[in-house]
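An overview of the molecular structure
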Amino acid sequence: MSARALEGRRILVTRPRGQASRLAALLEARGAETVTLPAIELRAPEDWAPLDRAVESLGAYRWVVFTSVNGVAAFWERLTLAGRDARSLAGIRMAAIGPETGEALRRHGVEPDLVPAEYRAEALVAELLPRVHPGETVLLVRAAEARDVLPRELEARGVPVTVAPAYRTQPAQEDAGRVVALLEARQIDAVTFTSSSTVRGLLAQLPPADAGRLLAGVIVAAIGPITAETAAEHGLHVSVIPHEYTVPALADAIAGYFETSPPAALRH
């Protein structure tokens with residue numbers, strides 16, 4: 001793959017503010033110009049009590065499962081506020097839904113016991129079930145609005161699950177005027193989505209009657225199948241899904257896609 005495979009391409013990054021820079025940097029290193037329009041904002045959960053209660057009674061859990069880097073960050077914040085640290089996790093097994101979440105645990109001095117080969121809830125359930133015995137309680141640290149696949153499947157097999165919301169997402173209140181103008185002028189080559197909430201958040205910022213027209217012809221890149229399914233449900237055709245559901249893999253997949261596109265496809 002050419003080191004400058006994205007030369008002349010303009011790509012819209014919809015990650016939350018504070019997280020967009022990593023993907024933008026990876027795309028820019030491959031020659032792209034990036035435009036950042038955060039589609040979602042991360043907020044505290046409506047109530048910290050479930051997570052705080054779980055932190056106070058960590059000894060009751062056999063496993064703690066994290067489904068995002070954001071969940072790890074919020075968990076450690078509440079752990080610290082409770083006057084505790086990683087020593088409170090001695091004897092408890094840790095599961096992370098993907099390598100980036102696993103790396104977030106390592107930064108806090110904790111080696112994850114399980115990172116599934118496929119980075120989605122269904123794969124985590126499949127690999128976790130043989131390791132958990134009925135009656136052993138699992139703590140699930142996640143977004144407030146996350147899918148219920150994991151707790152539903154575990155509880156159906158006799159494994160009690162405590163769900164502790166660590167954060168919530170909401171559509172960002174950003175000025176989308178510049179992005180709308182670029183879309184109107186056909187000056188955006190691709191849009192990236194790193195979660196289902198970024199799909200919904202971006203569409204919430206575009207004029208409802210014009211969203212389909214504005215995104216027509218724009219290459220849609222989704223970090224994984226769940227995000228791609230959400231995009232499809234909203235009428236978007238997804239052209240790029242990386243084999244590994246990570247931000248670096250997404251950047252590579254976008255570069256690979258455009259490397260095979262004819263020069264005439266360049267917009268500017």
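Residues numbered from 1 in each chain as written. Predicted model: local features only at pLDDT ≥ 70, side-chain atom pairs only at ≥ 80, totals over all residues. Heavy atoms only, no water.

Quick notes on the overall build of the protein
Within the protein one finds 11 helices and 10 strands. What you see for the protein is a C-alpha radius of gyration of 20 Å, in line with the 18 Å of a compact globule of 268 residues. The proportion of buried residues among the 268 residues of the protein is 51%. Pairs at least 24 residues apart make up 70% of the contacts formed inside the protein by residues separated by at least 6 positions. (Helix = DSSP H or I, 4+ residues; strand = E, 2+ residues; numbered from the N terminus. Rg over C-alpha atoms; globule rule 2.2 N^0.38 Å. Buried < 20%, exposed > 50% of the residue type's maximum accessible area, 1.4 Å probe, protein only. Contact = heavy atoms within 4.5 Å.)

Let's talk about the layout of surface pockets
What the largest pocket holds in volume is close to 1300 Å³. Every residue lining the largest pocket is counted, 45 residues in all, and those nearest its centre are Thr67, Ser68, Tyr167, Thr194 and Ser195. Listed by contribution, the elements that provide at least two residues to the lining of the largest pocket are β3 (40-43), α3 (69-81), α4 (99-107), β6 (138-143), α6 (149-156), β7 (161-171), α8 (196-205) and α10 (225-233). Here the lining of the largest pocket is built from residues that sort into 20 nonpolar, 16 polar and 9 charged. (1 Å grid on protein atoms, 1.4 Å probe; cavity = no way out; pocket = protein on both sides within 12 Å on 5 of 7 lines; lining within 4 Å. Points joined across faces, edges and corners; volume = space filled by probe spheres on them. Nonpolar A, V, L, I, M, F, W, Y, C, P; charged D, E, K, R; others polar.)

Here's the deal with the sheet that holds β3
In spatial order, the strands read β3-β7-β6-β4-β5; together these 5 strands make up an open sheet with mixed pairing. Two strands in the sheet have a free side with no partner beyond their single neighbour: β3 and β5 (93-96). Averaged over all neighbouring strand pairs, the angle between strand axes comes to 20°, with direction disregarded. Where β3 lies against β7, 4 bridges are found, and the strand directions are antiparallel. When the sheet's bridge partners are listed, Arg43 is paired in β7 with Arg168. Relative to β7, helix α2 (residues 49-56) is tilted by about 140°, and along the sheet it contacts β6 and β7. (Pairing = 2+ DSSP bridges. Axes fitted to C-alpha atoms, helices over the stretch in contact; angles between N-to-C directions.)

As for the pairing of β5
Pairing of strand β4 (residues 63-66) with β5 involves 4 bridges; the strand directions are parallel. Across the sheet, Val65 pairs through a bridge with Ala95, a residue of β5. Where the polypeptide runs from β4 across α3 and back to β5, its parallel neighbour, the crossover connection is right-handed. (Right-handed = clockwise from strand over helix to strand, strands pointing away.)

Here we look at unusual backbone geometry
Of note, the phi angle at Arg186 is positive, near 55°, even though the residue is not glycine. Within the secondary structure, Arg186 sits in the loop between α7 (177-184) and β8 (190-193). Classification of Arg186 by relative accessible area gives partly exposed; the value is 32%.

Concerning the side chain of Glu41
Assignment of secondary structure puts Glu41 in strand β3. Among the polar contacts listed, one links the side chain of Glu41 to the side chain of Arg43, at a separation of 2.8 Å. Within the structure, the side chain of Glu41 is placed 3.3 Å from the backbone nitrogen of Gln173, a separation counted as a polar contact. Among all residues touching Glu41, those that are not within four sequence positions of it are Arg168, Thr169, Gln170, Pro171, Ala172 and Gln173. (Polar contact = N/O pair within 3.5 Å; in protein donor to acceptor, adjacent residues only side chain to side chain.)

Regarding the pattern of salt bridges
The tally for this structure, following the rule as stated, stands at 17 salt bridges. Across the pair Glu184 and Arg213 runs a salt bridge whose closest N-O atoms are separated by 3.0 Å. In this pair, Glu184 sits in helix α7 while Arg213 sits in helix α9 (residues 211-215), placing the two residues 29 residues apart along the sequence. Owing to a relative accessible area of 39%, Arg213 belongs among the partly exposed residues under this scheme. Within this structure, Glu103, Arg106 and Glu111 form a network of salt bridges that share partners. (Salt bridge = Lys/Arg side-chain N within 4 Å of Asp/Glu carboxyl O.)

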